[in-house]
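Residue-level listing of the chains:
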Amino acid sequence: MKSLKSTISSFIILSIITVSVIIGILTMLNFYDIKITSVEHTQKQVLKQVNSEGLKLLKRIENIASFSIKKQNLSDEYLNDVLYLNSDISSIFILNKDGILVDFVGKNMDNIYKGFDYSNKNFYKKLNDEKLDYWSDVFLSSANNSPSISYSLKYKNKIIVIQLKLEELTNFITKFKNSDETHMIRMVDKNGVFIFNPDAQKLVTQRFNIKNSTVFEELIKNNKEFSIKSFKSIKRDLINLGMYSKIKKTGWTVIIRQNQSEVIDAIKSIAFIVFFIVIIFVTFALFFVFKIFNKIFDEFDYLQETTKDISDGDYNKKIKVSDFKEITSLIGSFEKMKKQIDKREKKLKAARNSFEYLLNSTMEAIVVHDSKKIYQVNDVALNLMKLDDKNQLVGKSLFDFISEKSIELVKEKIDIESSPYELELVNAENETFTALGQGKFITLNNKKFKISCFIDITELKNKDKLLSQQSKMVSMGEMIGNIAHQWRQPLSSISTAAGALKVEKEFGILDDKSLDNSLDMIIKNTKYLSKTIDDFRNFFKVDKDIERIDLNEIIERSLKLLESSIRNHYIKIEKRVGQNLFINGFANELTQAFINIINNSKDALKINNVENRVIFIDAYVSKNKVFVIIKDNAGGIKEDIKSKIFDPYFTTKHQSQGTGIGLYMTHQIIVEHMAGIIEVENIKFSYENEAYTGCQFKVIFNYMKNT
């Protein structure tokens, strides 16, 4: 076992050295970054000055050429004035439209004569109707091998060509030097050929191209303008720091560089000072830390001896006061330790008993398990499974008590934290019952367990079935009333026709035509009665499987079943229902839900004695949802009861008129059975220039496209 003293000593030494080294390294890196930033700033400023000077030269030449043409003064006298007033201009040519030299002035031009054909030169060939001026590539002067360039400008039938030396620009550039007296600036033309390199003039005279060199690959090809980059020099195995910029008008590339070793040398002296400071800091820090450290551990050694005596039963030992307030407080705590241990043991035992009591006082059966076996259960779980001893559950698999019907469902839920779901359990007497279960994970002693809770909901399920049956019976009673209403008129017509036939026969006035008409009417009404029976019989069929249904058909069926009742109560139906409103659901259950909503509106119109009675039905598709809106003009629902209308057995009608389960079952059908949404609210609207207040039911389903 390691010694605390040696461990802390090692940690302190390592920490001080590590922190000091890290601070030193970070300081050096910071100095390096500062130096690089300084170099970068300097190089950017120099590049901008060189670019500015180059553009200034090019602009001045363009202005001279443009001014000369605008003045239309190309006489020898004028051209000589231009030549000698601008020291960087070496010669001026005037060509005709065919590229023939018609006039010229220049310095050292003994071999140039009027009539020379320059049509094969780029400064002539590059000009056309669209391109009226042209800057040539750099060429070496035939007089002194110095870099030169020409600018040509086309105007009508004349072409002015100005050739200039780059001595003035070169003299400006050579002013910029590094601390090792090497020049900072190099320049290449748009083809990559050296224009300016005062440290290696041979590269200029040899027309050296850098496109195949490390400078182009490392600095220019994959780097942005004015971005500092390290790269190898062309002729010497040196690493440079530099950047480049472009003079867009001529395509020149200006390169600025500095030997990277200069930057390294600049911070070597700083590195030595930082290293010296770090060594001094580490030495003094270790000295003072260990002085304090030894004092503290003397106190800890004494504390160790004291605690050993207390653990051996010497509770009367006197403890001396420490020089440190914290250690004195710690030592004093040991004197209270003996008394507190006994108290805490008693509290722990009481807490354990309370926890077990709490665990067994819940309504849920609680099972602690993993995917393989059960570890703990409460008394409720024993009662639920009709067992007497926890050992009959502990150690067994949870799946031993799951019905075959629910095993796959539980396998899906066992490895996740599940929200409440229904399943079937099997007790010790092999009885299957419905339960509501959910599970959460907990970690005990570094092992993951799941706590599953189960509640027997058999009675709740039976109650729900009873409510559904009651709702169906209420609907059946209402439907029988509707059948009576719809049959009254056809039966009256049949009875009247049969009576008329009998009278006509008794008086001997019955003829074939009268007989045929009466029989046709009787047959027609009989077919109507038969179809009515089929409609009501289809309504009471039990929905077994969810199916694709068209809401248009469901709404029509609901209105047809209520046709007689709606007509007898003088209610007008305003209907706007779209086509192909497909959803997945149970046709007869949804018909019952819509009938319940329409009946609710009908009863409200009747109870509130509304004169102009209207029920509005709208159905449409929006954003992949099907909306069904059913509203009336009966005055709306009182705000204090609006939240209760979907509760079972809640009704505002007299006990003899309503059961209070119609809207409850409507909510169950739409929300629970068909995963829809139903909302209710009071609204104000206008109809036929009259203002009304009414109740609006909004039903929403997922839209299923007609495929």
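The model shown is predicted, which means the values in this text are computed figures rather than measured ones.

K.L.:
Quick rundown of the overall build of the chain? Include the residues and the values.
P.N.:
Regarding its fold elements, the chain presents 16 helices and 23 strands. Restricting the contact set of the chain to residue pairs at least 6 apart, pairs at least 24 apart contribute 56%. As presented, the chain carries roughly 42200 Å² of accessible surface, and 54% of it is formed by carbon and sulfur atoms.

K.L.:
Can you tell me about the confidence of the model for the chain, naming the residues and giving the values?
P.N.:
Looking at the chain as a whole, its pLDDT mean stands at 77, while 76% of the residues score no less than 70. Across the chain, element-level confidence peaks in strand β21 (residues 625-632) with a mean pLDDT of 94 and bottoms out in helix α11 (residues 458-506) with 60. Segment residues 654-660: pLDDT under 50, and nine contacts once partners within four positions in sequence are set aside and those in other chains are kept.

K.L.:
Give a description of the pattern of salt bridges that names residues and reports values.
P.N.:
Once their charged atoms are close, side chains differing in charge can pair, the charge on each being opposite to the other. The tally for this structure, following the rule as stated, stands at 17 salt bridges. Among the salt bridges present, the one from Glu217 reaches Lys221, with a minimum N-O distance of 3.7 Å. Highlighted residues: Glu217 and Lys221, both in helix α6 (residues 214-221), separated by four residues, approximately one helical turn. For Glu217, a relative accessible area of 38% translates into the label partly exposed. Close ionic contact of Lys248 with Glu225 constitutes a salt bridge, the shortest N to O distance being 3.2 Å. With Lys248 in the loop between β10 (239-247) and β11 (252-259) and Glu225 in the loop between α6 and β9 (229-232), this residue pair connects regions lying 23 residues apart in the sequence.

K.L.:
Got a sec to walk through the sheet that holds strand β16 (residues 447-456)? Specific residues and values, please.
P.N.:
Here five strands make up an open sheet; going across it, the order is β13-β12-β16-β15-β14 and the pairing antiparallel. At either margin of the open sheet sits one strand with a lone partner, and together these are β13 (374-377) and β14 (418-426). Neighbour-to-neighbour, the strand axes of the sheet open up by a mean angle of 30°, direction not taken into account.

K.L.:
Go over unusual backbone geometry, please, and point to the residues and values.
P.N.:
Even without glycine at this site, Tyr570 takes up a positive phi of about 60°. Overall, Tyr570 belongs to the exposed group, its relative accessible area being 70%. Within the chain, Asn624 stands out as a residue other than glycine whose phi angle is a positive 60°. Locating Asn624 in the fold gives a position in the loop between β20 (613-622) and β21.

K.L.:
Break down the packing of helix α13 (residues 551-561) against helix α15 (residues 587-607) for me, citing the residues and quoting the values.
P.N.:
Helix-helix packing is characterised by the crossing angle of the two axes and by the distance between the axes. Packing of α13 against α15 brings their axes to within 9 Å, and their N-to-C directions diverge by 55°. Here α15 runs oblique to α13, going by the angle between their axes. Crossing hand, α13 versus α15: right-handed. Listed contacts from α15 to Leu551, Ile554, Ile555, Arg557, Ser558, Leu559 and Leu561 of α13 are Ala587, Asn588, Leu590, Thr591, Phe594, Ile595 and Ile598. Class assignment of the residues belonging to the contact of α13 with α15 gives a composition of 10 nonpolar, three polar and one charged.

K.L.:
Describe the environment of Asn96, with residues and values.
P.N.:
Counting through the fold element by element, Asn96 comes out in strand β1 (residues 89-96). When near neighbours in sequence (up to four residues on either side) are disregarded, Asn96 contacts Val102, Tyr124, Asn157 and Ile159. Of the polar contacts made by the side chain of Asn96, one reaches the backbone nitrogen of Asp98; its length is 2.9 Å. At 2.9 Å, the side chain of Asn96 and the backbone nitrogen of Ile100 are in polar contact.

K.L.:
Please set out α15 residue by residue, giving values where relevant.
P.N.:
Taking 1.5 Å of rise per residue, the 21 residues of α15 would be expected to cover 30 Å, and the 30 Å separating its terminal C-alpha atoms lies within 8% of that figure. With 16 of its 21 residues buried, α15 lies for the most part within the structure. Asn609 lies just past α15 and shows a positive phi near 55°.

K.L.:
Can you tell me about helix α16 (residues 662-673), naming the residues and giving the values?
P.N.:
Residues three or four positions apart in an α-helix share a direction because the helix packs 3.6 residues into each turn. With 12 residues, α16 should reach 16 Å at 1.5 Å per residue; the first-to-last C-alpha distance of 15 Å fits that figure. Among the residues of α16, those classed as buried are Leu663, Tyr664, Met665, Thr666, Gln668, Ile669 and Ile670. Positive backbone phi, at 55°, marks Ala675, one or two positions downstream of α16.

K.L.:
Outline the side chain of Ser601, supporting the account with residue identities and numerical values.
P.N.:
Along the chain, Ser601 falls in helix α15. Look past the residues within four positions of Ser601 in its chain and what remains in contact with it is Ile615 and Asp632.

K.L.:
I'd like a rundown of the environment of Ser245, residues and numbers included.
P.N.:
Within the secondary structure layout, Ser245 lies in strand β10. Ser245 gets classed as buried once you look at its relative accessible area, which sits at 0%. Spatially, the C-alpha atom of Ser245 lies 9.0 Å from that of Lys44, the residues being 201 residues apart in sequence. If we skip the residues at most four places from it in the chain, Ser245 touches Leu47, Asn51, Glu225, Phe226, Trp252, Thr253 and Val254.

K.L.:
Summarise the sheet that holds strand β8 (residues 194-196); cite the residues concerned and give the values.
P.N.:
Strands sit in the order β8-β7-β11-β10-β9 across an open sheet of five strands; the sheet is antiparallel. The open sheet has two edge strands, β8 and β9, and neither has a second partner. Neighbour-to-neighbour, the strand axes of this sheet turn through a mean angle of 40°, independent of strand direction. Summarising the sheet, β9 and β10 pair through four bridges and their orientation is antiparallel. Residue pairing for β10: Phe231 is matched across the bridge by Asn240. Across the face of the sheet, α6 comes into contact with β9, β10 and β11 while running at roughly 170° to β9.

K.L.:
Account for the pairing of β21, with residues named and values stated.
P.N.:
For β21, the tally of buried residues reaches seven of eight residues, placing the bulk of the element in the interior. By the bridge criterion, eight bridges tie β20 to β21 in an arrangement that is antiparallel. Bridge pairing in β21 places Tyr620 opposite Phe627. Following β20, the chain reverses through two residues before pairing antiparallel with β21; Lys623 in that reversal takes a positive phi of roughly 55°.

K.L.:
Give a description of the packing of aromatic side chains that names residues and reports values.
P.N.:
Applying the stated rule across the entire model yields 11 aromatic pairs. With a centroid separation of 4.6 Å and an interplanar angle of 40°, the aromatic rings of Trp135 and Tyr151 are classed as tilted. A residue pair is termed long-range when its members are at least 10 positions apart, and Trp135 in strand β3 (residues 133-135) and Tyr151 in strand β5 (residues 147-155) qualify at 16 residues. The class of Trp135 is buried, set by a relative accessible area of 8%. Ring pairs connect the aromatic residues Phe93, Phe116, Tyr118 and Phe123, which therefore count as one cluster. A cation sits over an aromatic face here: Arg548 above Phe582, 4.8 Å from the ring centre.

K.L.:
Before we move on, could you go through the packing of α15 against α16 and cite the residues and values that matter?
P.N.:
Following both chains from N to C, one finds α15 and α16 inclined at 140°, their axes separated by 9 Å at the closest point. The orientation of α15 with respect to α16, classified from their angle, is oblique. Crossing of α15 over α16 shows left-handed handedness. Where α15 abuts α16, its residues Glu589, Leu590, Gln592, Ala593, Asn596, Ile597 and Asn600 lie against Gly662, Leu663, Thr666, Ile669, Ile670 and His673. Of the residues in the contact of α15 with α16, the class split is six nonpolar, six polar and one charged.

K.L.:
Before we move on, can you summarise the nonpolar core with the specific residues and values?
P.N.:
The nonpolar side chains of a soluble globular protein tend to be buried, and buried together. Counting residues in each nonpolar core, the largest one holds 44 residues, and the members touching the most others are Leu551, Leu590, Phe594 and Phe697. For this core, the elements supplying multiple residues, two or more each, are α13, β18 (571-577), α15, β20, β21, α16, β22 (677-687) and β23 (690-702). Ranked by the residues each element gives to this core, the list is headed by α15, at eight residues. Not counting residues up to four positions away in its chain, the partners in contact with Leu551 are Leu581, Ile583, Leu590, Phe594, Val626, Val628 and Phe701. Counting 40 residues, the second-largest nonpolar core is a separate cluster that includes Ile89, Met187, Phe196 and Val254.

Rules of the game
Residues numbered from 1 in each chain as written. Predicted model: local features only at pLDDT ≥ 70, side-chain atom pairs only at ≥ 80, totals over all residues. Heavy atoms only, no water. Helix = DSSP H or I, 4+ residues; strand = E, 2+ residues; numbered from the N terminus. Contact = heavy atoms within 4.5 Å. Areas by Shrake-Rupley, 256 points an atom, 1.4 Å probe, with all protein chains shown as cover. pLDDT = per-residue confidence, 0-100. Salt bridge = Lys/Arg side-chain N within 4 Å of Asp/Glu carboxyl O. Buried < 20%, exposed > 50% of the residue type's maximum accessible area, 1.4 Å probe, protein only. Pairing = 2+ DSSP bridges. Axes fitted to C-alpha atoms, helices over the stretch in contact; angles between N-to-C directions. Parallel < 35°, antiparallel > 145°, perpendicular 65-115°, else oblique. Left-handed = near helix turned anticlockwise from the far one by under 90°. Nonpolar A, V, L, I, M, F, W, Y, C, P; charged D, E, K, R; others polar. Polar contact = N/O pair within 3.5 Å; in protein donor to acceptor, adjacent residues only side chain to side chain. Expected span 1.5 Å × (residues − 1). Phe/Tyr/Trp six-rings, centres within 6.5 Å; stacked < 30°, edge-to-face > 60°. Lys NZ or Arg CZ within 6 Å of the ring centre and 35° of its normal. Core = buried A, V, L, I, M, F, W, Y, C linked by side-chain atoms within 4.5 Å.

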